[in-house]
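What the coordinates show
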Amino acid sequence: MDLSQIETNLQNADFQYRLKAISALQDYPTDVAVPLLSRHVQDPEFLVRTFVARELGKQKTSESFAALLQIMKLDNTPNVRAEAANSLSLFGRIAVSHLVQTFARDDHWLVRRSILAALVEMDCPEEVLEVCVIGLAGDDAAVQEASVDALGALVNSRQSQAALSQLLILKDSEFEYIRVRVAYALKNFDASTAKAALAELRNDPDYRVVGAAMEDLIP
């Protein structure tokens, strides 16, 4: 799509045209794409804003970084904020503190799970541990489960012992869905304390926890 057609489509009342125009900008250099994308960070259609956030992540400039921060902080749709968080993570270490701050501020489960997944993929075990603690203190089951899984992912990091300590506390959670995820997470650790905790969970009063703890023992 040539640039004049893109600019025309971006003004079309039918958001489908705007979506196609946003997608077409991936074939253009940063100095062309970013200004046009930035004009639509407040587009009335959330799908368009989602596409904008996705494309901005492919443009590594200070302008696109700033635009993604704006979307992540101010957009009124969780899907869009989550996409902005994913895109921001592509900038690497410079994005980490912003993602942690957003996790603490924005308690929507989709945003938090997106940030958690992104941080796990980055080399920042201290920040992963920090957001896990925040997520577990909240009341959203999906975020709590993802936080337990993330603690298990820290097994080979410099926060391995701290993560295991958290898991050993969580094995006594009153919630069976937490204990299920703890059973899976503990299998990542070779420590004797982890193996002892798993043995306890194989005698849990909830059959789902027992199943998770014994899963690898069943031929």
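Structural data are supplied above this passage.
Below, the structure is looked at part by part.

Cut-offs used in this document
Residues numbered from 1 in each chain as written. Predicted model: local features only at pLDDT ≥ 70, side-chain atom pairs only at ≥ 80, totals over all residues. Heavy atoms only, no water. Helix = DSSP H or I, 4+ residues; strand = E, 2+ residues; numbered from the N terminus. Buried < 20%, exposed > 50% of the residue type's maximum accessible area, 1.4 Å probe, protein only. Contact = heavy atoms within 4.5 Å. Lys, Arg positive; Asp, Glu negative; His and termini not counted. Charge placed at Lys NZ, Arg CZ, Asp CG, Glu CD. Core = buried A, V, L, I, M, F, W, Y, C linked by side-chain atoms within 4.5 Å. Polar contact = N/O pair within 3.5 Å; in protein donor to acceptor, adjacent residues only side chain to side chain. Salt bridge = Lys/Arg side-chain N within 4 Å of Asp/Glu carboxyl O. Phe/Tyr/Trp six-rings, centres within 6.5 Å; stacked < 30°, edge-to-face > 60°. Lys NZ or Arg CZ within 6 Å of the ring centre and 35° of its normal. Arc of directions from axis to C-beta.

1. Description of the overall build of the protein chain
- Counting its secondary structure elements, the protein chain contains 14 helices and zero strands.
- Going from the N terminus to the C terminus, the protein chain shows its helices and strands as α-α-α-α-α-α-α-α-α-α-α-α-α-α.
- Across its three principal axes, the protein chain shows a C-alpha extent of roughly 65 × 35 × 30 Å.
- Split into buried and exposed, the 219 residues of the protein chain put 49% on the buried side.
- In the protein chain, the share of contacts with a sequence separation of at least 24, taken over all contacts with a separation of at least 6, comes to 57%.
- With 21 positive and 31 negative side-chain charges, the protein chain shows a separation of 1 Å between the mean positions of the two kinds.

2. Side note on the nonpolar core
- Membership of the largest hydrophobic core comes to 68 residues, with the highest contact counts inside it found for Leu99, Leu119, Leu151 and Leu186.
- It is helix α12 (residues 176-186) that provides the largest number of residues to this core, a total of seven residues.

3. Let's talk about the side chain of Asp206
- Tracing the sequence through the fold places Asp206 in the loop between α13 (192-201) and α14 (207-214).
- Within the structure, the side chain of Asp206 is placed 2.8 Å from the backbone nitrogen of Arg208, a separation counted as a polar contact.
- Contacts of Asp206, omitting those with residues within four sequence positions, involve Glu176 and Arg179.

4. Here's the deal with the environment of Leu56
- Assignment of secondary structure puts Leu56 in helix α4 (residues 46-56).
- Leave out the neighbours within four places in its chain, and Leu56 touches Leu37, Val41, Ser64, Ala67, Leu68, Ile71 and Phe91.

5. A closer look at the pattern of salt bridges
- Within this structure, the stated rule accounts for 13 salt bridges.
- For the salt bridge of Lys171 with Glu200, the shortest nitrogen-to-oxygen distance reads 3.0 Å. Taken as a pair, Lys171 in the loop between α11 (160-170) and α12 and Glu200 in helix α13 lie far apart in primary sequence, 29 residues in all.
- Residue Lys171 is classed as buried on the basis of its relative accessible area, which comes to 12%.
- Accessibility expressed as a relative area gives 45% for Glu200, which makes it partly exposed.
- Between Arg179 and Asp204 there is a salt bridge, and its shortest N-O distance comes to 2.7 Å. Separated by 25 residues along the polypeptide, Arg179 in helix α12 and Asp204 in the loop between α13 and α14 bring together distant segments of the chain.

6. Looking at the environment of Ala197
- Looking at where Ala197 falls in the secondary structure, it is placed in helix α13.
- Residue classification places Ala197 among the buried positions, given a relative accessible area of 2%.
- Once the C-alpha coordinates of Ala197 and Asp14 are considered, the two residues, 183 residues apart in sequence, prove to be 57 Å apart.
- For Ala197, the residues in contact, after removing those within four places along its chain, are Leu168, Lys171 and Leu186.

7. Re the packing of aromatic side chains
- In this structure the tally under the stated criterion is two aromatic pairs.
- Both rings, one in Phe65 and one in Phe91, keep their centres 5.1 Å apart while their planes meet at 75 degrees; by these two values the pair is edge-to-face. With a gap of 26 residues between them, Phe65 in helix α5 (residues 62-74) and Phe91 in the loop between α6 (78-89) and α7 (96-105) connect regions that are remote in the sequence. In this structure, Phe65 and Phe91 share a single accessibility class: buried.
- The lysine or arginine in question, Arg54, covers the ring of Phe51, its NZ or CZ lying 5.0 Å from the ring centre.
- A cation sits over an aromatic face here: Lys60 above Phe91, 5.6 Å from the ring centre.

8. Points about α13
- Those residues of α13 that sit buried are Ala194, Ala197, Leu198 and Leu201. One side of α13 holds all its buried residues, which, seen down the axis, span an arc of 100 degrees. Facing away from the buried side of α13, by more than 90 degrees, are the exposed residues Ser192 and Lys195.
- Check the buried side of α13 and you find it contacts α11, α12 and α14.

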